[in-house]
2 protein chains.
Amino acid sequence: MSSSSYSNYTNSPCAACKFLRRKCSSDCVFAPYFPPEEPLKFANVHRIFGASNVSKILHEVAPHQREDAVNSLAYEAEARLKDPVYGCVGAISVLQREVLRLQRELEETNNDLMRYASCLGGETSAYGGRRG
Amino acid sequence: MSSSSYSNYTNSPCAACKFLRRKCSSDCVFAPYFPPEEPLKFANVHRIFGASNVSKILHEVAPHQREDAVNSLAYEAEARLKDPVYGCVGAISVLQREVLRLQRELEETNNDLMRYASCLGGETSAYGGRRG
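Because the structure is a prediction, the values reported are computed rather than measured.

## Details of the side chain of Glu-76 of chain A
Consideration 1: Looking at the element boundaries, Glu-76 of chain A is found in helix α4 (residues 66-82).
Consideration 2: Judged by relative accessible area, which is 1%, Glu-76 of chain A ranks as buried.
Consideration 3: Setting aside residues up to four positions removed in sequence, Glu-76 of chain A forms contacts with Phe-49 and Cys-88 of chain A together with Glu-76, Arg-80, Tyr-86, Gly-87, Cys-88 and Val-89 of chain B.

## Considerations on the packing of helix α5 (residues 89-120) of chain A against helix α5 (residues 89-120) of chain B
Consideration 1: Remark: α5 of chain A packs on α5 of chain B, axes separated minimally by 9 Å, with the N-to-C direction vectors making an angle of 20 degrees. As summarised for this structure, α5 of chain A and α5 of chain B are arranged roughly parallel, according to the angle between their axes. Between α5 of chain A and α5 of chain B lies a crossing whose hand is left-handed.
Consideration 2: Residues that form the contact of α5 of chain A with α5 of chain B fall into these classes: 22 nonpolar, eight polar and six charged.

## Quick notes on the pattern of salt bridges
Consideration 1: Going through the model one piece at a time under the given rule, you end up with eight salt bridges over all chains.
Consideration 2: Two residues, Glu-78 of chain A and Lys-82 of chain A, come together in a salt bridge whose shortest N-O distance is 3.3 Å. Of the two residues, Glu-78 of chain A and Lys-82 of chain A both sit in helix α4, four residues apart, roughly one turn of that helix.
Consideration 3: Of the residues examined, Glu-78 of chain A reaches a relative accessible area of 40% and is grouped as partly exposed.
Consideration 4: Across the salt bridge formed by Glu-76 of chain B and Arg-80 of chain A, the nearest N and O atoms sit 2.6 Å from each other. Taken together, the residues span two chains, with Glu-76 of chain B in helix α4 (residues 66-82) and Arg-80 of chain A in helix α4.
Consideration 5: Assessed through its relative accessible area of 1%, Arg-80 of chain A is described here as buried.

## So, the UniProt feature "domain: LOB" (unreviewed entry) in chain A
Consideration 1: In the numbering used here, UniProt assigns the "domain: LOB" (unreviewed entry) feature to residues 12-113 of chain A.
Consideration 2: Secondary structure over residues 12-113 of chain A splits into 67% helix and 0% strand, and the C-alpha atoms at its two ends are 63 Å apart.

## A word on the environment of Phe-34 of chain B
Residue and element names in this part refer to chain B.
Consideration 1: Relative to the helices and strands, Phe-34 resides in the loop between α1 (15-20) and α2 (39-48).
Consideration 2: For Phe-34, a relative accessible area of 0% translates into the label buried.
Consideration 3: Taking C-alpha positions, Phe-34 is 14 Å from Arg-22, a pair spaced 12 residues apart along the chain.

## So, the nonpolar core
Consideration 1: Phe-30 of chain A together with Phe-30 of chain B are the most contacted members of the largest nonpolar core, which totals 46 residues.
Consideration 2: Only α1 (15-20), α2 (39-48), α3 (51-60) and α4 of chain A together with α1, α2, α3 (51-60) and α4 of chain B provide two or more residues apiece to this core.
Consideration 3: Not counting chain neighbours up to four residues away, the residues in contact with Phe-30 of chain B comprise Cys-14, Ala-16, Leu-20, Arg-22, Phe-42, Ala-51, Val-54, Ser-55 and Leu-58 of chain B.
Consideration 4: By size, the runner-up hydrophobic cluster in this structure holds 14 residues, among which are Ala-79 of chain A together with Cys-88, Ile-92 and Leu-102 of chain B.

The rules behind these values
- Residues numbered from 1 in each chain as written.
- Chains lettered and ligands numbered in written order.
- Predicted model: local features only at pLDDT ≥ 70, side-chain atom pairs only at ≥ 80, totals over all residues.
- Heavy atoms only, no water.
- Helix = DSSP H or I, 4+ residues; strand = E, 2+ residues; numbered from the N terminus.
- Buried < 20%, exposed > 50% of the residue type's maximum accessible area, 1.4 Å probe, protein only.
- Contact = heavy atoms within 4.5 Å.
- Axes fitted to C-alpha atoms, helices over the stretch in contact; angles between N-to-C directions.
- Parallel < 35°, antiparallel > 145°, perpendicular 65-115°, else oblique.
- Left-handed = near helix turned anticlockwise from the far one by under 90°.
- Nonpolar A, V, L, I, M, F, W, Y, C, P; charged D, E, K, R; others polar.
- Salt bridge = Lys/Arg side-chain N within 4 Å of Asp/Glu carboxyl O.
- UniProt positions renumbered as here; feature names shortened; annotations may be inferred.
- Core = buried A, V, L, I, M, F, W, Y, C linked by side-chain atoms within 4.5 Å.

Dropping the structure here:
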């Protein structure tokens, strides 16, 4: 949810203030990013990072970057709840292995291509190859 | 540091207990994973997740998985300190884009290979192509 649509929700406390059972002030740092209709988003980041650390991070980043910061924290928190051992670092390992696999596959395919090109004769030099 | 080498450090409080200024007991949940000579490792995870959340996560996972859990938390914490907006989710985005780029490159190279094979005539059917 963007901060521009926050005005729709000013009558309800945001999900963070509701969770923390406190008054949601007009300058609440959480309100633009934790709308009341998404209670799990705050509950997750609270459980993994704690409200005070999330608030500290929000104050550290520029207002126009806070939505991205909250969404990345929510992503990390959800990943950690699903996989308490590796969290989203598990996804990084899977992607790193996939990059390596694709690089090897591409190299082998380029080698095949070079062999075909040399079979056709004289065209090898015209083929530059694709090198990731 | 593996828990087996923890015995070398039982005379000093672990980095967590030193940071939190508390007595490091023989059953301290942090001690095997936060040796005193790596004070930044605990300081980072404490700053991003909070000691109590780290302790909760450690109690949730099996003892043989705790070292991996601590290392992934330390990785996430360091990434968040370097990039408060995206943390390690930034690395995931970069890797996802790299996987897509390599998949496209591999597809184009396979198409080139098929064209070369058909130029050589009759060998196309023998070539199965590499499809990531």
